[in-house]
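Now for the letters of each chain:
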Amino acid sequence: MIRVFPDAEALSRAAAALFARAARRTVRNSGRFIVALSGGQTPRRTYERLACPECRDAVPWEAVHIFWGDERCVPFEDPRSNARMAHEALLRYVPIPAHQIHPIRCEGDPETAAARYEALLRSFFVEAPPRFDLILLGLGEDGHTASLFPFHPAVTEQRRWVAAVPEADPPRVTLTLPILNQARRVVFLVTGARKAGILREVLQEPPDPLRRPAQGVRPGPGRVLWLVDAAAASELLSP
Ligand code: 6PG
């Protein structure tokens, strides 16, 4: 399913409202809300909206557990860090217990970091593979999502839940498709005209996950939602 918004601001408002509704509903049903955040710049405004003074009480933060879909192997202080971006935009403003925030710590060898994060997931989740209540994802101009890049072995990884991407610059660690496809709900956030071409390919070309890893995210009917702005949707062929 896809929803098109006039601009990125409207999209961020809708994404924040969706996050809050899903959190309230899930906490009512299961007592906790387990989410994997996306990195990159697109979600920043959504995170900021979740943290705004009149918005932050809409989420039962005391029952939220934050993970990440991927991370760059840089220090937390590095502006490229996904954990730093989420902390700056959201996490430092909301009353989420610190032990419920689970960053992917990767300041050196991505393989070690991947193995460590996988061990954390295996100890945290009962199910195998882990089932997140919500995973937020972005879309790269080459069709990557999380840090699953075209033609990289991590895209076809079926056994491990967390993979290293040492070839990236900086090196990265990423959840793999078995986890992404286990999620109760996946929401892609895509904005900007520069994403228009790849968005059309991902949504309207035949699936080729190795070439366009975002096409590999298929958790099942009704469990993927694309929130896009008009600029990113500008090349979609109307049905
Ligand atoms: C990352 C993200 C990555 C991102 C896309 C889009 O760590 O970079 O997980 O998959 O979502 O590259 O990035 P922008 O939102 O910055 O366009």
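It should be emphasised that the depicted structure is a prediction, and the values quoted were computed from it without experimental measurement. (Residues numbered from 1 in each chain as written. Predicted model: local features only at pLDDT ≥ 70, side-chain atom pairs only at ≥ 80, totals over all residues. Heavy atoms only, no water.)

Structural notes on the sheet that holds strand β7 (residues 172-175)
Paired through their backbone hydrogen bonds, the strands of a sheet run either parallel or antiparallel. Here we have three strands laid out as an open sheet, ordered β4-β7-β6, and antiparallel in their pairing. Two strands bound the open sheet, and with one partner strand each, they are β4 (70-72) and β6 (162-165). Direction aside, neighbouring strands of the sheet carry axes that sit 15° apart on average. As paired strands, β6 and β7 are joined by four bridges and run antiparallel to one another. By the bridge assignment, Ala-163 is partnered in β7 with Thr-174. Against the sheet, helix α4 (residues 110-124) touches β6 and β7, its axis set at about 165° to β6. (Pairing = 2+ DSSP bridges. Helix = DSSP H or I, 4+ residues; strand = E, 2+ residues; numbered from the N terminus. Axes fitted to C-alpha atoms, helices over the stretch in contact; angles between N-to-C directions. Contact = heavy atoms within 4.5 Å.)

Some thoughts on α4
Taking 1.5 Å as the rise per residue, α4 with 15 residues should run 21 Å; its terminal C-alpha atoms sit 21 Å apart, in good agreement. By the burial criterion, the buried members of α4 are Pro-110, Ala-113, Ala-114, Tyr-117, Glu-118, Leu-121 and Phe-124. Down the axis, α4 shows its buried residues gathered within 135° of arc, on one side only. Exposed residues lying more than 90 degrees from the buried face of α4 are Ala-115 and Ser-123. Where α4 starts, the residue carrying a side-chain oxygen 3.1 Å from the main-chain nitrogen of Glu-111 turns out to be Asp-109. (Expected span 1.5 Å × (residues − 1). Buried < 20%, exposed > 50% of the residue type's maximum accessible area, 1.4 Å probe, protein only. Arc of directions from axis to C-beta. Polar contact = N/O pair within 3.5 Å; in protein donor to acceptor, adjacent residues only side chain to side chain.)

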